[in-house]
Amino acid sequence: MIFECLDLALLQLYKLIYEDHSDLEPVELPNCQLIKGIERGAEDIDILPDGLAFISSGLKYPGLKSFAPDKPGEIFLMDLNDENPRAVELRISRGFDLASFNPHGISTYIDKDDSVYLFVVNHPEFKSTVEVFKFVEDENSLVHLKTVRHELLSSVNDIVALGPDHFYATNDHYFFDSILMYVELFLGLAWSNVVYYSPTEVKEVASGFYSANGINISPDKKYVYIADLMAHRVHVMEKHANWSLTQLKVSDLPLRTRA
């Protein structure tokens, strides 16, 4: 029975990705150029106010093809102020397990003393952790500070840093087992969520998403934006003093097709 469900789920997923989107209208963007050195793909990007951009690369994820399955992931840095920006791999401090590094979503936080912290969603052995680094610009390096694990951070996709030790994170699936993930998609279960983490409190702050994916926060820190990938929607949430979120608006993002 489980294999019949899996076959149906794979068929449904194929239709969602390919068949239903086959008539999308292509859009050409001006002034684009290829950035060399990131041949294994760029998963996420976060840009500091001064134009320095961090890029996570090399994600290996259930159901997705990996272009270098035996090579660990990397974090790159680019200076967008350069006329011809190039990607430079950041060195990571000793003691961190580079061999299992599998970076997904990332987020930066600038502290009051101008220290820059980089939060990285990591999937060592296809589990979910959050790695906290301190960026040392003079050395083009990341100093690993700690690894965050919690049962509520079960299938983390993206993250938005709120301070040097707390953040919001999206779980894109209720299950992380690859077979159960496909079944979850096929059955249309809106079980994914958003979690708030701090050293003293961890809690679910939003739920009911088909696949909570990207997350970000407004410049004034009052609103949080959550992308529900499978529903083609962006949820606008109000952030409260106790870090809970309440929904203000949902924006549907219909696919644009040829007339």
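Values in this document were obtained by computation on a predicted structure and should not be read as measured data.

Once that is clear, we can look at the overall build of the protein chain. A tally of regular secondary structure across the protein chain gives two helices and 17 strands. Residues counted as buried form 43% of the 259 residues belonging to the protein chain. A total accessible area of about 14800 Å² is found for the protein chain, and carbon and sulfur atoms account for 52% of it.

With that settled, the discussion passes to the packing of aromatic side chains. In total, this model carries eight aromatic pairs according to the counting rule given. Aromatic pair F96 and F101: ring centres 5.3 Å apart, planes at 85°, arrangement edge-to-face. For the residue pair F96 and F101, the accessibility class agrees, reading buried in each case. On the basis of an interplanar angle of 75° and a centroid distance of 5.4 Å, the ring pair of F96 and F133 is categorised as edge-to-face. Of this pair, F96 sits in the loop between β5 (91-92) and β6 (103-110) while F133 sits in strand β8 (residues 129-136), and the two are 37 residues apart along the sequence. Take F133: its relative accessible area is 0%, and that puts it in the buried class.

This part takes up a negative patch on the surface. A surface patch of negative charge is lined by D50, E137, D138 and E139. For D50, the position within the fold is in the loop between β1 (42-47) and β2 (52-57).

Judged by side-chain polarity, I45, I47 and L80 come together as a nonpolar surface patch covering roughly 260 Å² of accessible area. With respect to the secondary-structure elements, L80 resides in the loop between β3 (74-79) and β4 (88-89). Its relative accessible area of 40% is what places L80 among the partly exposed residues.

Turning next to the pairing of β2. With six of six residues buried, β2 is to be regarded as a mostly interior element. Here β2 shows a buried face lined by L52, F54 and S56 and a second buried face lined by A53, I55 and S57. Where β1 folds back onto β2 in an antiparallel hairpin, the turn is made up of four residues, including G51, whose phi is positive at roughly 95°. Sheet analysis places β2 next to β3, joined by six bridges and oriented antiparallel. Within the sheet, the bridge partner assigned to I55 lies in β3 and is F76.

Attention now goes to the UniProt feature "binding site: Ca(2+)" (unreviewed entry) in the protein chain. Per the UniProt record, "binding site: Ca(2+)" (unreviewed entry) is annotated on E43, D44, I106, N157, D158 and N213. Taken together, the annotated residues stretch across 171 residues yet fold into one region, lying no more than 12.2 Å apart by C-alpha. By secondary structure assignment, the location of I106 is in strand β6. Of the residues examined, I106 reaches a relative accessible area of 3% and is grouped as buried. Assignment of secondary structure puts N213 in strand β14 (residues 212-217). With near-sequence residues (within four places) excluded, N213 lies in contact with N157, D158, T170, A227 and L229.

This part is about the UniProt feature "active site" (unreviewed entry) in the protein chain. Taken from the UniProt record, the annotation "active site" (unreviewed entry) applies to H104. Mapped onto the elements, H104 comes out in strand β6. Leaving out residues up to four positions away in the same chain, H104 has contacts with E43, D44, S56, L59, Y61, V121, H123, V156, N157 and D172.

Before going further, it helps to examine the sheet that holds strand β9 (residues 141-148). Across the sheet, five strands lie side by side as β5-β9-β8-β7-β6; this open sheet has mixed pairing. The sheet terminates laterally at β5 and β6, the two strands that pair on one side only. Here β5 pairs with β9 via two bridges, running parallel. Each bridged residue has a counterpart across the sheet, and for R91 the counterpart in β9 is S141.

Conventions and cut-offs
Residues numbered from 1 in each chain as written. Predicted model: local features only at pLDDT ≥ 70, side-chain atom pairs only at ≥ 80, totals over all residues. Heavy atoms only, no water. Helix = DSSP H or I, 4+ residues; strand = E, 2+ residues; numbered from the N terminus. Buried < 20%, exposed > 50% of the residue type's maximum accessible area, 1.4 Å probe, protein only. Areas by Shrake-Rupley, 256 points an atom, 1.4 Å probe, with all protein chains shown as cover. Phe/Tyr/Trp six-rings, centres within 6.5 Å; stacked < 30°, edge-to-face > 60°. Patch = residues over 30% accessible without salt bridge, like charges linked within 9 Å, V, L, I, M, F, W, Y side chains within 5 Å. Salt bridge = Lys/Arg side-chain N within 4 Å of Asp/Glu carboxyl O. Lys, Arg positive; Asp, Glu negative; His and termini not counted. Charge placed at Lys NZ, Arg CZ, Asp CG, Glu CD. Pairing = 2+ DSSP bridges. UniProt positions renumbered as here; feature names shortened; annotations may be inferred. Contact = heavy atoms within 4.5 Å.

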